[in-house]
Amino acid sequence: MPRAGLDAAAVTLAGADLADELGFEKLAMGVVADRLGVRPPSLYKHVGSLADLAQRIAALAATELGDTLRDALQGLSGPDALRAAAQAFRGFVRNHPGRYAATLGARPTSPDDEYARATARVLESLAVVLRSYGVSAADEVHALRMLRSALHGFATLESGGGFQLGTDVDESFAWLVEFVDRGLR
């Protein structure tokens with residue numbers, strides 16, 4: 001009999017929280033079971049495997065990032081939207097490094113799975129920013145790849161402690177966003 005209150009969503013949330021605290025690479029079913037106060041076999045009533053849990057965490061992270069971007073972009077366009085999206089993206093990675101790391105190796109299992117839908121929402125939010133600059137439909141995929149690469153690269157380097165030079169990191173991020181803005185204009 002499954003433990004009362006324990007379901008796939010609770011296991012996923014516990015795994016996501018642990019990934020943020022310990023690092024996604026240290027996530028293990030035993031660690032999640034300990035957090036939830038159950039034995040590891042009990043988790044398999046709710047998630048199929050560690051890979052299944054990782055996919056669920058990736059879907060959760062993409063959903064949360066999509067919500068974060070949507071909320072940040074309300075009523076904005078052009079440079080204001082770019083700055084808001086960039087700050088929201090960076091903030092999400094800084095606050096949820098383990099969740100975000102789960103998205104890096106995730107792949108949709110079907111066109112309509114939760115991860116695919118959530119990722120599409122993230123991309124649509126970024127596409128809205130790009131369209132406000134007049135990026136054509138023919139160039140949208142290229143522009144999305146550029147923007148995601150810039151934001152992802154900066155945020156993951158920062159969250160991994162990759163910026164060791166003495167220059168202020170916030171200043172560098174503002175410089176990056178301004179550079180992207182100039183390029184899009």
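In the block above lies the structure referred to throughout.
Let me begin by describing the structure that accompanies this report. If you're wondering where the values come from, they're calculated on a predicted model, not measured in any experiment.

## A closer look at the overall build of the chain
Here comes step 1: Helix and strand counts for the chain come out as nine helices and zero strands.
Here comes step 2: Taken from N to C terminus, the helices and strands of the chain fall in the order α-α-α-α-α-α-α-α-α.
Here comes step 3: With the principal axes as the frame, the chain shows a C-alpha extent of 60 × 40 × 25 Å.
Here comes step 4: When the 185 residues of the chain are sorted by exposure, 41% land in the buried category.
Here comes step 5: The contacts in the chain between residues at least 6 apart in sequence include a share of 65% that link residues at least 24 apart.
Here comes step 6: By element, 55% of the accessible surface of the chain is carried by carbon and sulfur atoms, the whole surface being about 9,800 Å².
Here comes step 7: When the 19 basic and 23 acidic side-chain charges of the chain are each reduced to a single mean position, those positions are 4 Å apart.

## A word on the nonpolar core
Here comes step 1: Counting residues in each nonpolar core, the largest one holds 33 residues, and the members touching the most others are Leu82 and Leu126.
Here comes step 2: Listed by contribution, the elements that provide at least two residues to this core are α4 (50–73), α5 (78–95), α7 (114–131), α8 (140–159) and α9 (169–184).
Here comes step 3: Tallying contributions element by element places α5 first for this core, with nine residues.
Here comes step 4: Core analysis: the second largest hydrophobic core is formed by 22 residues, Val11, Ala14, Ala33 and Ile57 among them.

## Thoughts on α5
Here comes step 1: Between its first and last C-alpha atoms α5 spans 26 Å; for 18 residues at 1.5 Å apiece the expected length is 26 Å, and the two agree.
Here comes step 2: Summarising the contacts, the buried residues of α5 are in contact with α4, α6 (97–104), α7, α8 and α9.

## Examining the pattern of salt bridges
Here comes step 1: Applying the stated criterion to the full structure yields 17 salt bridges.
Here comes step 2: Here Arg99 and Asp20 are joined by a salt bridge, their closest N and O atoms 2.4 Å apart. Of this pair, Arg99 sits in helix α6 while Asp20 sits in helix α1 (residues 8–22), and the two are 79 residues apart along the sequence. Each member of the pair, Arg99 as well as Asp20, is classed as buried.
Here comes step 3: For Asp170, the salt bridge is made with Arg90, and the minimal N-O distance between the two is 2.8 Å. Of this pair, Asp170 sits in helix α9 while Arg90 sits in helix α5; the two residues are 80 residues apart in sequence, bridging distant segments of the chain.
Here comes step 4: Overlapping salt bridges bring together Asp17, Asp20, Glu64 and Arg99 as one network.

## Description of the environment of Asp71
Here comes step 1: Summarising the element assignment, Asp71 is placed in helix α4.
Here comes step 2: The spacing of Asp71 and Gly166 is 95 residues in sequence and 33 Å in space, taken between C-alpha atoms.

## With respect to the packing of α4 against α5
For any two helices packed against each other, one specifies the crossing angle of their axes together with the interaxial distance.
Here comes step 1: One can describe the packing of α4 onto α5 by two numbers: an axis separation of 9 Å at closest approach and a directional angle of 150°. With respect to α5, the axis of α4 lies roughly antiparallel. In this structure, the crossing between α4 and α5 has a hand that is right-handed. Residues Ala61, Glu64, Leu65, Thr68, Leu69, Ala72 and Leu73 of α4 lie in contact with α5, whose contacting residues are Ala81, Ala84, Ala85, Ala88, Phe89 and Phe92.
Here comes step 2: Looking at the contact of α4 with α5 residue by residue, the classes come out as eleven nonpolar, one polar and one charged.

## Things to note about the packing of α5 against α8
Here comes step 1: Relative orientation of the contacting elements α5 and α8 amounts to 35°, with a least axis distance of 9 Å. The way α5 lies across α8 gives a crossing that is right-handed. Here Leu82, Ala86, Phe89, Arg90, Val93 and Arg94 of α5 lie close against α8, whose contacting residues are Leu147, Leu151, His152, Phe154, Ala155, Thr156, Glu158 and Ser159.
Here comes step 2: Considering only residue class, the contact of α5 with α8 consists of eight nonpolar, three polar and three charged.

Parameters and conventions
- Residues numbered from 1 in each chain as written.
- Predicted model: local features only at pLDDT ≥ 70, side-chain atom pairs only at ≥ 80, totals over all residues.
- Heavy atoms only, no water.
- Helix = DSSP H or I, 4+ residues; strand = E, 2+ residues; numbered from the N terminus.
- Buried < 20%, exposed > 50% of the residue type's maximum accessible area, 1.4 Å probe, protein only.
- Contact = heavy atoms within 4.5 Å.
- Areas by Shrake-Rupley, 256 points an atom, 1.4 Å probe, with all protein chains shown as cover.
- Lys, Arg positive; Asp, Glu negative; His and termini not counted.
- Charge placed at Lys NZ, Arg CZ, Asp CG, Glu CD.
- Core = buried A, V, L, I, M, F, W, Y, C linked by side-chain atoms within 4.5 Å.
- Expected span 1.5 Å × (residues − 1).
- Salt bridge = Lys/Arg side-chain N within 4 Å of Asp/Glu carboxyl O.
- Axes fitted to C-alpha atoms, helices over the stretch in contact; angles between N-to-C directions.
- Parallel < 35°, antiparallel > 145°, perpendicular 65-115°, else oblique.
- Left-handed = near helix turned anticlockwise from the far one by under 90°.
- Nonpolar A, V, L, I, M, F, W, Y, C, P; charged D, E, K, R; others polar.

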